[in-house]
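# Examining the three-dimensional arrangement
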Amino acid sequence: MSVARPEFDPELKAGLAVVGGVFPPTITPDLIPFMRRSYASPPIEETLRGRAIGREEHTIAGYRGDPVEVSVLRPTGAADARPCVLFVHSGGLMFGDRFSGADLVLGWVETLGAVLVSVEYRLAPEFGDPFPREDCYAALEWVAANAERLGVRRDRLLVAGASSGGGLAAGMALAARDRGGPALCGQVLDYPMLDDRGVTSSTGQFDGVGVWDRVSNETGWSALLGEARGGPDVSPYAAPARAVDLSGLPPAFVDVGAAEIFRDEAIAYAGRIWAAGGDAELHVWSGGFHAFDIFAPHTGLARGMIAARDAWVEKILAD
């Protein structure tokens, strides 16, 4: 029996066959090594070539004090303190690196004049919860503690991420609130991976189609949480949909495709922020599959998505 689901945007649908060669719809544990090769970012030197962006590399103390690499990208010649974005990469918690997807946000550095800090958080299954989220939080604290040396404004710290990175960014915002940590001016949650329980309608609509289906999602959450996945003992900093209280959070930008499994949990998260009296801007892109801005940035739908995100970031960083 076929499952009713939204149709993919025609322009996006035409490119899905190409996407599938790099990012198959269904990812099982045996495909993790392949995904780590296929989803690796191009050399950062190539990505930055011809751009007015300088780069610094630092080793910081991550979870338990272990060394974690971060990259700091800043506008060339910037002399005054700049707004700062802590960028958290995508990859289902299992693959990707700190430059995965960074090309889509380099305009925040060149055009908006922000400093971009990207963290090489450790990956599951080798490093399960809480390693990834606590590595990211350690990077946030490092940025705040070293703001003067890094040339960033403590009053303009924003966290941003896509997919698993979006979930980690949301977790950082929750942890910063609860721990009395660095004050954030905003959080960008692109099609965020928020809920390990897999109970939404959209989760059941996409099996073996699109990008990142139900089985892939179970693979990612199981890699992070092991047998705890779906049970009562999962931290809301790992799966932010589990947070009981969403009050007191920084303004959120939440976007998601209508034709992907994270649709319903992203919509619900924005709705719960509103219900708690918070500020959220929600975009649901009709016909959009998961991460279509990464895999098909040339399409009309992706261009609209990127423009909406950039406009919100510009507004938040300028306030």
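Structure report, in brief.

What counts, and at which threshold
- Residues numbered from 1 in each chain as written.
- Predicted model: local features only at pLDDT ≥ 70, side-chain atom pairs only at ≥ 80, totals over all residues.
- Heavy atoms only, no water.
- Helix = DSSP H or I, 4+ residues; strand = E, 2+ residues; numbered from the N terminus.
- Rg over C-alpha atoms; globule rule 2.2 N^0.38 Å.
- Buried < 20%, exposed > 50% of the residue type's maximum accessible area, 1.4 Å probe, protein only.
- Contact = heavy atoms within 4.5 Å.
- Areas by Shrake-Rupley, 256 points an atom, 1.4 Å probe, with all protein chains shown as cover.
- Lys, Arg positive; Asp, Glu negative; His and termini not counted.
- Charge placed at Lys NZ, Arg CZ, Asp CG, Glu CD.
- Right-handed = clockwise from strand over helix to strand, strands pointing away.
- Pairing = 2+ DSSP bridges.
- Axes fitted to C-alpha atoms, helices over the stretch in contact; angles between N-to-C directions.
- Parallel < 35°, antiparallel > 145°, perpendicular 65-115°, else oblique.
- Left-handed = near helix turned anticlockwise from the far one by under 90°.
- Phe/Tyr/Trp six-rings, centres within 6.5 Å; stacked < 30°, edge-to-face > 60°.
- Lys NZ or Arg CZ within 6 Å of the ring centre and 35° of its normal.

### Let's talk about the overall build of the protein chain
- Of regular secondary structure, the protein chain possesses 13 helices and eight strands.
- On C-alpha atoms alone, the protein chain measures out to a radius of gyration of 18 Å, which is about the 20 Å that the 2.2 N^0.38 rule sets for 319 residues.
- C-alpha extents for the protein chain along the principal axes are approximately 60 × 45 × 40 Å.
- When each of the 319 residues of the protein chain is scored for burial, the buried share is 59%.
- A sequence separation of at least 24 residues applies to 75% of the contacts in the protein chain between residues at least 6 apart.
- Surface exposure of the protein chain reaches about 12300 Å², of which carbon and sulfur atoms provide 54%.
- Computed over 28 positive and 42 negative side-chain charges, the inter-centroid distance for the protein chain is 1 Å.

### Describing the pairing of strand β6 (residues 186-190)
- In terms of residue burial, β6 counts as a mostly covered element, since five of its five residues are buried.
- Because side chains alternate across β6, one face comprises the buried residues G186, V188 and D190, and the other comprises Q187 and L189, equally buried.
- In the classification by handedness, the crossover that spans strand β5 (residues 152-162), the intervening helix α8 (residues 164-179) and the parallel β6 is right-handed.
- The pairing of β6 with strand β7 (residues 252-257) spans four bridges and is parallel. The residue of β7 that forms the bridge with L189 is V254.

### Looking at the side chain of T219
- Note on placement: T219 falls in helix α10 (residues 214-225).
- Those residues in contact with T219, other than ones at most four positions away along the chain, are I27, T28, P29 and M94.

### A few points about unusual backbone geometry
- Residue P125 follows A124 across a cis peptide bond; omega there is 5°.
- For P125, the position within the fold is in the loop between β4 (115-119) and α6 (131-145).
- Omega for the bond connecting D129 with P130 falls within 30 degrees of zero, at 15°, which places this linkage in the cis form.
- Positionally, P130 belongs in the loop between β4 and α6.
- Residue A291 is not a glycine yet carries a positive backbone phi of 60°.
- By the element assignment, A291 lies in the loop between β8 (280-285) and α12 (292-295).
- Look at A291 and you get buried, because its relative accessible area is 4%.

### Focus on the packing of α6 against α8
- Relative orientation of the contacting elements α6 and α8 amounts to 60°, with a least axis distance of 10 Å. When the axes of α6 and α8 are compared, the pair comes out oblique. Here the hand of the crossing between α6 and α8 comes out right-handed. Side by side, α6 and α8 meet where P132, R133, E134, C136, Y137 and L140 of the first sit next to L168, M172, A175, A176 and R179 of the second.

### Some remarks on the environment of F131
- Mapped onto the elements, F131 comes out in helix α6.
- C-alpha of F131 to C-alpha of A114: the two residues are 17 residues apart in sequence and 27 Å apart in space.
- If we ignore the near neighbours within four places in the chain, the residues touching F131 are Y63, R64, D66 and R122.

### Overview of the pairing of β5
- With eight of eleven residues buried, β5 is to be regarded as a mostly interior element.
- Both strand β3 (residues 82-88) and β5 contribute to a ladder of six bridges, which runs parallel. Of the residues in β5, the one forming a bridge with R82 is V152.
- Here β5 pairs with β6 via five bridges, running parallel. Each residue of the ladder has a partner; that of V159, found in β6, is Q187.

### Brief notes about the packing of aromatic side chains
- Following the criterion strictly, the structure yields eleven aromatic pairs and no others.
- Both rings, one in F23 and one in Y39, keep their centres 5.6 Å apart while their planes meet at 80°; by these two values the pair is edge-to-face. Of this pair, F23 sits in the loop between α2 (16-22) and α3 (32-38) while Y39 sits in the loop between α3 and α4 (44-48), placing them 16 residues apart in sequence. The same class applies to F23 as to Y39, namely buried.
- An aromatic cluster is built from F23, Y39, F95, W212 and F295, whose rings are joined through pairwise contacts.
- The ring of F127 has R122 lying over it, and the distance from NZ or CZ to the ring centre is 5.3 Å.
- R179 extends its terminal NZ or CZ atom over the ring of Y137, reaching a point 4.7 Å from the ring centre.

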